[in-house]
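Observations on the three-dimensional arrangement
Residue-level listing of the chains:
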Amino acid sequence: MDYRRFKNTIVCRIDKGEEILEKIKEIALKENIKLANINALGATNDFTVGVFKTEEKKYYSNEFRGDFEIVSLTGTINTMNGEFYTHIHMSAGNDKGEVFGGHLNRAIVSATCEMVINIIDGVVDRDFNDEIGLNLFKF
Amino acid sequence: MDYRRFKNTIVCRIDKGEEILEKIKEIALKENIKLANINALGATNDFTVGVFKTEEKKYYSNEFRGDFEIVSLTGTINTMNGEFYTHIHMSAGNDKGEVFGGHLNRAIVSATCEMVINIIDGVVDRDFNDEIGLNLFKF
Amino acid sequence: MDYRRFKNTIVCRIDKGEEILEKIKEIALKENIKLANINALGATNDFTVGVFKTEEKKYYSNEFRGDFEIVSLTGTINTMNGEFYTHIHMSAGNDKGEVFGGHLNRAIVSATCEMVINIIDGVVDRDFNDEIGLNLFKF
């Protein structure tokens, strides 16, 4: 992974074999990012995306392997109790172009991942919400 | 729904049971947004997305119910005849990770929706275009 | 195609029959854009998206025709050897809402395409990487 920061924008390359969420965390900690919006594209050959069953308040996960192009990767870096937090959803197309996605648990880069992080001057923390069963934005 | 504005960026949480397009309108009117770019993720259990049949100049809609993760939600707030207008496309993955989407007509949040609105200092209005059958950006 | 620039943000309309990547290049050259992040929605009736087979280091392409709504179009403008370069991934939903996508090779607009280009004050060039078989961000 390598990146360059231009004022409040970071342009980043995540490399083959690296896991995307780990690299987001690494950048956030190095650059002391408290709040940011993320967009990326890339290629992955191994990823797990979840779907939250709202009745059960539980995540189920789907694993995918093969040659996939990341067609959307979007979400935020923010904080929970002042500490790093990230929430990302991703979708990716297979060799027929069929797209699969959900809540990003883990994605291994197979070729490259090109990410733009827009840092926002501000802070939004999170709180666990009992009714929903998730950590939600707290304003 | 709740949100915080940081200069020209709004970070927003849309809550369970709320409809996303209604909340975009509410924020736009409260914050007097004339032009903005939107990105979001979240979960929905009830959404309708359209596809425009260009020959017929008519939208057809597909309805989806169940546990879905919003994997992309993108578009703009702008104006038509000076009044609020928004145009959003959305896609969402089901419990197998299969992704469905199109022109967003309506989406009810099932858990949370996390949105980032980037306000642009400018104005772009719309005009109905007879040949296309849609309200297009007018420059 | 027509657009308006507001400081470092360009709001753009690409018209029926126009090819999206060609129009991105046209804007980038006219506006002398060296680095930018792109988001768009729209409609296409003819597009080709690729998937990179990492073992073979080769792109395979899938062609789609019919009424499709572009649900995600994301990527960057940057440079390679100082010259214009763009890398975009796209996904689009058909008349049943089923989404297909990958690395964007070509997309013809069928109704309209609405694009927001965020220009970044900086430069990131590319380099061909032998191991990966692609032109990667060079920092």
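The sections below set out a description of the structure shown in this document.

Definitions and limits used
- Residues numbered from 1 in each chain as written.
- Chains lettered and ligands numbered in written order.
- Predicted model: local features only at pLDDT ≥ 70, side-chain atom pairs only at ≥ 80, totals over all residues.
- Heavy atoms only, no water.
- Contact = heavy atoms within 4.5 Å.
- Buried area = accessible area lost by both parts, 1.4 Å probe.
- Salt bridge = Lys/Arg side-chain N within 4 Å of Asp/Glu carboxyl O.
- Polar contact = N/O pair within 3.5 Å; in protein donor to acceptor, adjacent residues only side chain to side chain.
- Helix = DSSP H or I, 4+ residues; strand = E, 2+ residues; numbered from the N terminus.
- Nonpolar A, V, L, I, M, F, W, Y, C, P; charged D, E, K, R; others polar.
- Pairing = 2+ DSSP bridges.
- Buried < 20%, exposed > 50% of the residue type's maximum accessible area, 1.4 Å probe, protein only.
- Arc of directions from axis to C-beta.
- Least-squares fit on C-alpha atoms with pLDDT ≥ 70 in both.

Bringing the interface of chain C and chain A into the picture now. Each partner contributes to the interface: chain C provides 39 residues, whereas chain A provides 33 residues. Carbon and sulfur atoms make up 61% of the area that chain C and chain A hide from each other, which totals about 2800 Å². Remark: the boundary between chain C and chain A carries 3 salt bridges. As a salt-bridge pair, D121 of chain C and K7 of chain A come within 3.7 Å of each other at their nearest N and O atoms. For the interface between chain C and chain A, the tally reads 12 residue pairs in polar contact (both at pLDDT 80 or more). Elements represented by at least two residues in the side of chain C that touches chain A include exactly β3 (36-53), β4 (58-80), β5 (83-93), β6 (99-119) and β8 (134-138) of chain C. Here the side of chain C that touches chain A gets 7 residues from one element, more than from any other, and that element is β4 of chain C. Tallied by class, residues from the side of chain C that touches chain A come to 17 nonpolar, 17 polar and 5 charged.

Turning next to the pairing of strand β1 (residues 2-6) of chain C. Successive side chains on a regular strand alternate, one facing one side of the sheet and the next facing the other. Residues and elements named next belong to chain C. Relative to strand β2 (residues 9-15), β1 is paired through 5 bridges, and the arrangement is antiparallel. The partner of Y3 across the bridge, within β2, is C12. Here β1 folds back onto β2, and the loop between the two strands holds 2 residues, one of which, K7, carries a positive phi near 50°.

Residue and element names in this part refer to chain B. Those residues of helix α1 (residues 20-30) not exposed but buried are I20, L21, K23, I24, I27 and A28. Projected down its long axis, α1 carries its buried residues within an arc of 160°, all on one side. Those residues of α1 that are exposed and angled more than 90 degrees off the buried face are E22, L29 and K30. Buried positions along α1 lie against β1 (2-6), β2 (9-15), β3 (36-53), β4 (58-80), β5 (83-93) and β6 (99-119). The opening residue of α1, the one whose side-chain oxygen lies 3.0 Å from the backbone nitrogen of L21, is E19. Backbone geometry just after α1 places N32 at a positive phi near 55°.

This paragraph deals with the interface of chain C and chain B. Every contact between the two is made by 33 residues of chain C and, on the other side, 38 residues of chain B. In total, about 2700 Å² of surface goes out of reach between chain C and chain B, with carbon and sulfur atoms giving 61% of it. Taken together, the connections running from chain C to chain B amount to 3 salt bridges. Between D95 of chain C and K53 of chain B there is a salt bridge whose closest N-O contact spans 3.5 Å. Scanning the region where chain C abuts chain B turns up 12 residue pairs in polar contact (both at pLDDT 80 or more). Of the residues forming the side of chain C that touches chain B, the biggest block, 7 residues, is contributed by β6 of chain C. For the side of chain C that touches chain B, a count of residues per class yields 12 nonpolar, 10 polar and 11 charged.

Our next topic: the relation of the copies chain C and chain A. The two chain copies are connected by a rotation around an axis plus a translation along it. At an RMSD of 0.0 Å, chain C and chain A line up after a rotation of 120° and a shift of 0.0 Å along the axis. Viewed as a symmetry operation, the transformation between the two copies matches a three-fold axis. The C-alpha atom lying nearest the rotation axis in chain C is that of V99 of chain C; the distance is 3.3 Å. Mapped onto chain A, only 8% of the interface residues of chain C are again interface residues, and the two copies thus contact each other with different surfaces.

The next point concerns the relation of the copies chain C and chain B. The two copies are related by a screw motion: chain C maps onto chain B through a turn of 120° and a shift of 0.0 Å along the axis, at an RMSD of 0.0 Å. Each copy contacts the other with its own distinct surface, as only 9% of the interface residues of chain C are interface residues in chain B too.

Attention now goes to unusual backbone geometry. Here N32 of chain A, not a glycine, exhibits a phi torsion of approximately 55°, which is positive. Summarising the element assignment, N32 of chain A is placed in the loop between α1 (20-30) and β3 (36-53). For K7 of chain B, which is not glycine, the phi torsion reads 50° and is therefore positive. Along the polypeptide, K7 of chain B turns up in the loop between β1 and β2. Residue classification places K7 of chain B among the exposed residues on the basis of a relative accessible area of 67%.

Here we come to the pattern of salt bridges. In this structure the tally under the stated criterion is 32 salt bridges over all chains. Each of D46, E63, R65 and R106 of chain A takes part in a single network of salt bridges with overlapping partners.

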